[in-house]
Amino acid sequence: MRRCAAALLGQRARRRWLHLIVGGALFMPFWMVGTVVVGMLLGEGGLFTGSLGLQFGAYAVGLPLVAVAALFPLARPMSVATARALCGLPADTLADGPARGREAKARTAGWLTLHLGAGALISGASLALPPFAMSVLALPFSAALRESELGRLWGLDRPWWTWAAVPAGILMLLALAAVAAATGALLARQAPRLLGPSPADRLAAAERRAAEAESRNRLARELHDSVGHALSAVTLQAGAARRVLDGGDGADLEFVREALTAIEETTRRTVGELDWVLGLLRRGDRSEEGPGPGPGLDALEALVRGAGPKVALTVSGDLAPVPEALSREAYRIVQEGLTNAARHAGGEPVTVRLDARTEKVEITMENPLPARPPVARPNGGHGLRGVAERARLLGGTADAGPADGVWRLAVRIPR
């Protein structure tokens, strides 16, 4: 267990070190601009041959340029992606998308300045210190190094001091690793504070989740109403035809023929509706590539005809002026009502009345309650909820329940 924890900590430290190296690489263009500016002021030239003052002056000039660059929309997504990949941070602690608002942009600028500034220092130390430390470590073993400028700088006039170069070189390397690990841990602690979601980001994420949930609920309602109705209607018609055929030679072949025709029409219509619902699922957010409108009240007669001979439809008023969205939802409401009747009415006759003569479209469905109550399905109970949701989305109401031996569904939706 301890070995696994140590290996995990070591891997995390290495990834964070790499994160700092990436910051140093991103800082190079800003440092070069700073070198040109400071070189002109100090009268020095060359990117890598200037004095130490030129190097640190270029570093100081580059940091404000980094803060300005952080105002570009790509700055936060790039920083978040890098921090998630290399700092080992949970995805939900960091924000997605460009920074919006003054506070979020200021925090992004602070993060990018901290990341690139610290990364430049650690990258420079990672490039310069290991060769120097290895040279110091090798001083006691190399005559050429002892006679070089490094040997004279180290002070080899004292023999015991020569061997002190070995632990000194090792300590230099350990110090570099420790500083890099501490700096990486510091960035990891500051990332959620500087790159975390702002209140505006949280609100946008909540709205996005609500839209996705509504989209899933809509697809669930469409699949439940279309496919569920088709399966119920086909089961009812097939069962009725089987019972007639089991009657013997006196079977009513005309009734069987009508039942098979209803099954054929229902399955053909449902295939089209299923293609439409799957088109909604494949479309996603590309509204311009979406499928055409779903079935409306113009297909209501075919729907009722496929439900069987015990369903009677009465239409009052002209359906042509009914808005398209209302027409689709009214069709689905009738479809779900027929599905419930097929499952729970025990073959009792169903009456469907559609009244479009007033400012409201009224849908009324009635069927006598069966003598024996239907067996409840373990996962049932979503149909009437879907009817209520459809009516509510259009500003209407839906009431359902038994009264005087009749099950009644009444829906009123304003145009």
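To be clear, the structure that these remarks concern was listed above.
This write-up is about the structure you can find in this document. Since this is a predicted model, take the numbers as computed values, not measurements. Residue numbers run consecutively from 1 along every chain, following the written order of its sequence. Only residues with pLDDT of 70 or above have their local features reported here, since the model is predicted, and side-chain atom pairs are shown and tallied only from 80 upward, although totals for entire chains, interfaces and linings are computed over all residues. The side-chain quantities take in all heavy atoms of the structure and omit both hydrogens and water.

## What to know about the overall build of the protein chain
- Helix and strand definitions here come from DSSP, where helices need a minimum of 4 consecutive H or I residues and strands a minimum of 2 consecutive E residues; each element is numbered from the N-terminal end. The helix and strand tally for the protein chain stands at 13 helices and five strands.
- For every residue, the accessible area obtained with a 1.4 Å probe (protein chains only) is divided by the maximum for its type, and the residue is called buried under 20%, exposed over 50%, and partly exposed between those limits. When each of the 415 residues of the protein chain is scored for burial, the buried share is 37%.
- In the protein chain, the proportion of contacts linking residues at least 24 apart, taken out of those at least 6 apart, comes to 70%.
- When the accessible surface of the protein chain is summed, it comes to about 23300 Å², and 63% of that surface belongs to carbon and sulfur atoms. What makes two residues a contact is simply this: any of their non-hydrogen atoms within 4.5 Å. Accessibility throughout is a Shrake-Rupley quantity obtained with a 1.4 Å probe, and a residue counts as covered only by protein chains that appear here.

## Notes on the packing of aromatic side chains
- The pairing test for Phe, Tyr and Trp rings, Trp by its six-membered ring, is centres within 6.5 Å, and the orientation test on the planes gives stacked under 30 degrees, edge-to-face over 60, and tilted for anything in between. Tallying each qualifying case throughout the model produces one aromatic pair.
- When the ring of F27 is compared with that of Y59, the centres are 5.5 Å apart and the planes differ by 55 degrees; the resulting orientation is tilted. Taken together, the positions of F27 in helix α1 (residues 2–42) and Y59 in helix α2 (residues 52–69) put the pair 32 residues apart, joining distant regions of the chain. We note that F27, like Y59, is buried.

## Here we look at the nonpolar core
- In this description, a nonpolar core means a group of buried Ala, Val, Leu, Ile, Met, Phe, Trp, Tyr and Cys residues linked to one another through side-chain atoms lying within 4.5 Å. Ranked by size, the top nonpolar core spans 26 residues in total, and within it L338, I363 and V411 carry the most contacts.
- Taken together, the elements giving at least two residues each to this core come down to α11 (300–306), α12 (324–344), β2 (350–355), β3 (360–368), α13 (383–393) and β5 (406–414).
- Looking at this core element by element, the count peaks at seven residues for α12.
- Setting aside residues no more than four positions away along its own chain, V411 makes contact with I333, V361, E362, I363, V387, A391, T397 and A398.
- Ranked by size, the runner-up nonpolar core spans 15 residues in total, among them L94, I122, A180 and A191.

## Section: the packing of helix α4 (residues 102–137) against helix α8 (residues 165–195)
- The axes used here are C-alpha line fits, helices contributing only the stretch in contact, and every angle between their N-to-C directions lies in the interval 0 to 180 degrees. Close contact between α4 and α8 brings their axes to 10 Å; oriented N to C, the two are set at 170 degrees. In terms of orientation, α4 and α8 fall into the roughly antiparallel class.
- Partitioning the contact of α4 with α8 into residue classes produces 25 nonpolar, seven polar and two charged. Should an angle fall under 35 degrees it is taken as roughly parallel, and over 145 as roughly antiparallel, whereas 65 to 115 is taken as roughly perpendicular and any remaining angle as oblique. Ten residue types, Ala, Val, Leu, Ile, Met, Phe, Trp, Tyr, Cys and Pro, are classed as nonpolar, four, Asp, Glu, Lys and Arg, as charged, and the remainder, Gly among them, as polar.

## Points about the pattern of salt bridges
- Salt-bridge detection follows one rule: a side-chain nitrogen of Lys or Arg within 4 Å of a carboxyl oxygen of Asp or Glu. Per the stated rule, a full pass over the model turns up six salt bridges.
- For E366, the salt bridge is made with R353, and the minimal N-O distance between the two is 3.4 Å. Here E366, found in strand β3, pairs with R353, found in strand β2; they are 13 residues apart in sequence, far enough to count as distant.
- Among the charged side chains, a network of salt bridges with common partners joins R353, E366 and R408.

## Focus on the environment of G24
- Looking at the secondary structure, you find G24 in helix α1.
- The exposure class assigned to G24 is buried, which follows from its relative accessible area of 6%.
- Spatially, the C-alpha atoms of G24 and G124 are 7.8 Å apart, while their sequence positions differ by 100 residues.
- Leave out the neighbours within four places in its chain, and G24 touches G119, A120 and S123.

## Details of helix α3 (residues 75–87)
- Taking 1.5 Å per residue, 13 residues should reach 18 Å; α3 reaches 17 Å between its end C-alpha atoms and fits that length.
- Every buried residue of α3 is listed here: A75, R76, S79, V80, T82, A83, L86 and C87. A helix is expected to reach a length of 1.5 Å times the quantity of its residues less one.

## Topic: the environment of R412
- Within the secondary structure, R412 is located in strand β5.
- Taking C-alpha positions, R412 is 9.8 Å from A330, a pair spaced 82 residues apart along the chain.
- Other than its neighbours up to four places away in sequence, R412 contacts K360, V361, E362, G396, T397 and D399.

## Brief notes about α2
- In this model, α2 (18 residues) spans 26 Å end to end at C-alpha, consistent with the 26 Å of a helix rising 1.5 Å per residue.
- When α2 is considered as a whole, its buried residues turn out to be L54, Q55, G57, A58, Y59, G62 and V66.

## Some points on the pairing of β5
- The pairing of β3 with β5 spans nine bridges and is classified as antiparallel. Counterpart to M365 in the pairing with β5 is L409.
- Here a strand pair is declared whenever DSSP counts at least two bridges between the two strands. Relative to β5, strand β4 (residues 397–403) runs antiparallel, the two sharing seven bridges. For A398, the partnering residue across the bridge sits in β5 and is V411.
- Between β4 and β5, which follow one another and run antiparallel, lie two residues, and D404 among them has a positive phi close to 55 degrees.

## What about the sheet that holds β5?
- As summarised here, the arrangement of the five strands in space is β1-β2-β3-β5-β4, forming an open sheet in which the pairing is mixed. The sheet is open, and its two edges are formed by β1 (311–316) and β4, each paired on a single side. Along the sheet, successive strands turn relative to each other by an average axial angle of 10 degrees, direction set aside.

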